[in-house]
Amino acid sequence: MGEESQGLTGLRRKSALLEEANQELKRVKERRDLVSTLAERGGGLLLRGWRRELDPDGSMDVSIKELDWHLRRLGLLDLTAKNVVGLKEDGMLTLEELCPTDGELVNRIRDWIKDVWGSPADLWRALDVKQLGNLDREGWISACVANGFDGTAPELSYLFDFIDIDESGQVNKEEILFLETDSEARDKAIFEEKIKSRGQVQRLWASVYWSEQHKELSSLNRPWMAKFFESLPPLVIVQRQRRLREVRRRQRRAKAVFLQKCREKFGSCARAWRRGIDPEGKFYVDKLTLRHFCRGQEIDKHVDLQSLWTTLDSDKDGRIGVQDISPLGAVALASFRAWCRQISGSCRAVWNLPELVDARSSPQKEGSVTVLLNSERKILLRKFVECLKALGWKCSGDQAEMLSALDYFNVGFISEADLYWLDTWEPPLFLTAQASEEAWNEIREILLEIYGTPLNAWRHLDIDGQNEVSWAEFVSGCRRVRFRGDTGGAWRFIDSDASGYISMEEFSPDHYNVLMSFKEWASGLYGSVGNAFKNFDKEGDGILTLSILRRACQKGKWGGDPQMLFDCLEPSSSKDPKQITVEDVSFLDLWPDREDGQDPNEDVDVLDSEEAPSEETEERHPTSAKACKAFKTPKIAPSVFERLYRVPVRRSASAPALKKEDVAMKPEQKAKQIQRTYHHSSLWRQRRQPKTAKSKLPLLEKLQKISAKYGEIEISSTHGLKN
């Protein structure tokens, strides 16, 4: 029995070995059939057939499930994936198992790329020296040999066919990325390269559509095609830039119209602030108060209030001051207030100086009319200015705006209450500080020392990237660099126009002109600076060198200096100072366009040509018209000025505006108005004024007529006595 069992075991072992040998022969035969089929599909080359039919991603292996599907697709129904792969735990068929010679060659070049270059992308950067984006067979062979690959020319030619699966005769960066050994890095690199290629195609379509838009007979000018083209990312960016420009233009127009309406209704912006916007004398208002003022003066019919508030509240603190409405007027008021405090302790104390007391008690002349003011509480503006200049006062800012703010009723004189109003104001530091060039130079040197280039220093101050730095942002930036000098003096020096903000043009004019010239050129040619950078970056790696930038600028006929532009854009923290990235230039899309000498009031002229709402408009919107007519401004308590003057007038949130004829009044007419308003003749002091009947004339005009009548009676009586 023992011998029989051993014989059966031996037979079984032999049968198993025979079965394995048969399976191996069958596997070899099936693999040979698969190799011949792949070589046939690859134009006589196994490697090209492998990539085309089994391994398009370049992983160099294929699973049983995928192989079974490919066999059925290729028509090899006699072959089974299980027999081709064999008894393997991972169930994967590799190129080296299918064809050891070809597999060894591919592994050799992949190992060389990993050990010498690190990745196929770095290899391509070294091979494509001329940055053409592709290489032919001869260029591929010579470049690989020159860079140290240990292989023969036929082997490199075979590898070229392996890479060039579409038989175009050229290879590019995307086609060699499959040689990466790390599967995750390979998949990521291939995906990114496909996205870059897709972006290049989209930019090409966008540029063609953009250039053909103005042509009437263009094949792309079709309504059903516009939606597709306008949804392309490059054109979406262009549309975003256009909307941004329109918003800024609307904000600029809103401010210009608002200031023009204030001048028309009040004579000046400073008086509009005191009488209408801030009648309570707080020297700051919020958005709701400004909205009430605009509605009370019917300015909201011509101005977008949201755009107006955005452009006035430049520091985004939720409130505005007189410096936002009348910058130069605020400078003059602040400097006058500081001068008054220096010589007498307060503005109100200046009123009692001997020079001003003598000026008020003596006859005051306005134009060609002599006006006698028998009052110690008022002084003509001209006499007031003469006294101040005699005391050594020098105006800085807009003197006319300052005097108009003090002349509350626009009648040509001021009182002690006007100076008291100015005493209640606490102006910001930058309005009272003296301009200091030394302080500004010190701040600039500190910023350049820390950040290297003027642009990097400016971007440190301009946090939001809008090319506008307010006083609050400037102070915050000085604190970050630990500057402890005269911040207000430095601000007054750089903000010479008292606009309330500074730009790169004031910080570094030369660099600003270069950057804006490049921005205008890139926006006109490519829609935006970001799109221009992506068009320059042919490799799609997000990096530009000076040579690429110079070549693109020359091709696009930009008249600027590429070297200066590159030096200006160079980031201080870059690992490679010879390269710039898209983040280094894309911020220019947020900068507002240059106005090119544009008059800020040119948009206001459009408003003057607009007609008033017609009856047809009122019929279409009867509810809104009735609501505007029925609107009444809320009443508030009298201001400090009214209590000191004892004027029994109830003030509303928006004070009544001045008439146009009063604003544009000649000096002689204004002098007559002052004489009529404050007429103190001897006849009035000696005789009691009789009661008169009601008339449509104002009370002061009737009193003046009575005075003239009594003067004629006295003259006629004296002539009778002489006769």
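Residues numbered from 1 in each chain as written. Predicted model: local features only at pLDDT ≥ 70, side-chain atom pairs only at ≥ 80, totals over all residues. Heavy atoms only, no water.

Re the overall build of the protein
- The helix and strand tally for the protein stands at 41 helices and 12 strands.
- For the protein, the proportion of its 723 residues judged to be buried stands at 42%.
- Sequence-distant contacts in the protein: of pairs separated by 6 or more residues, those separated by 24 or more amount to 66%.
- As displayed, the protein offers around 40,500 Å² of accessible surface, 52% of which is attributable to carbon and sulfur atoms. (Helix = DSSP H or I, 4+ residues; strand = E, 2+ residues; numbered from the N terminus. Buried < 20%, exposed > 50% of the residue type's maximum accessible area, 1.4 Å probe, protein only. Contact = heavy atoms within 4.5 Å. Areas by Shrake-Rupley, 256 points an atom, 1.4 Å probe, with all protein chains shown as cover.)

As for the UniProt feature "domain: EF-hand" (unreviewed entry) in the protein
- Look at the UniProt record and you will see "domain: EF-hand" (unreviewed entry) annotated at residues 46-74, 155-183, 304-332, 453-481, 486-518 and 528-556.
- With 69% helix and 10% strand, residues 46-74 has end C-alpha atoms that lie 15 Å from one another.
- Overall, residues 486-518 shows 67% helix and 6% strand. The separation of its end C-alpha atoms is 35 Å. (UniProt positions renumbered as here; feature names shortened; annotations may be inferred.)

Quick look at the side chain of His460
- Its location among the elements puts His460 in helix α26 (residues 454-461).
- Assessed through its relative accessible area of 10%, His460 is described here as buried.
- Sequence-distant contacts of His460, defined by excluding residues within four places in its chain, comprise Leu447, Tyr451, Gly477, Arg480 and Val481.

Some details on the packing of helix α8 (residues 137-146) against helix α9 (residues 153-163)
- In contact at an axis separation of 10 Å, α8 and α9 are set at 125 degrees when each is read in the N-to-C sense. In terms of axis orientation, α8 runs oblique to α9. At the point where α8 passes α9, the crossing takes the right-handed sense. Every residue of α9 that contacts α8 at Arg137, Trp140, Ile141, Cys144 and Val145 is listed here: Ala153, Leu156, Ser157, Phe160, Asp161 and Ile163.
- Among the residues making up the contact of α8 with α9, the classes are represented as eight nonpolar, one polar and two charged. (Axes fitted to C-alpha atoms, helices over the stretch in contact; angles between N-to-C directions. Parallel < 35°, antiparallel > 145°, perpendicular 65-115°, else oblique. Left-handed = near helix turned anticlockwise from the far one by under 90°. Nonpolar A, V, L, I, M, F, W, Y, C, P; charged D, E, K, R; others polar.)

Quick look at the packing of aromatic side chains
- In total, this model carries 23 aromatic pairs according to the counting rule given.
- Pairwise contacts between aromatic rings join Phe430, Trp440, Trp458, Trp471, Phe474, Trp491 and Phe507 into one cluster.
- One cation-aromatic arrangement involves Arg319 over Tyr284; the distance from NZ or CZ to the ring centre is 4.3 Å.
- For the cation-ring pair, Arg459 lies above Phe587, with the distance from its terminal atom to the ring centre recorded as 4.1 Å. (Phe/Tyr/Trp six-rings, centres within 6.5 Å; stacked < 30°, edge-to-face > 60°. Lys NZ or Arg CZ within 6 Å of the ring centre and 35° of its normal.)

Details of the pattern of salt bridges
- In this structure the tally under the stated criterion is 22 salt bridges.
- Note that Glu167 is salt-bridged to Arg52, the shortest N-O span being 2.7 Å. Of this pair, Glu167 sits in the loop between α9 and β4 (170-172) while Arg52 sits in helix α2 (residues 46-54), and the two are 115 residues apart along the sequence.
- Note that Arg274 and Asp418 form a salt bridge whose closest N and O atoms lie 2.9 Å from each other. Of this pair, Arg274 sits in helix α14 (residues 269-277) while Asp418 sits in helix α23 (residues 416-423); the two residues are 144 residues apart in sequence, bridging distant segments of the chain.
- Beyond isolated ion pairs, a larger network of salt bridges with shared partners links Arg48, Arg52, Arg137, Asp161 and Glu167. (Salt bridge = Lys/Arg side-chain N within 4 Å of Asp/Glu carboxyl O.)

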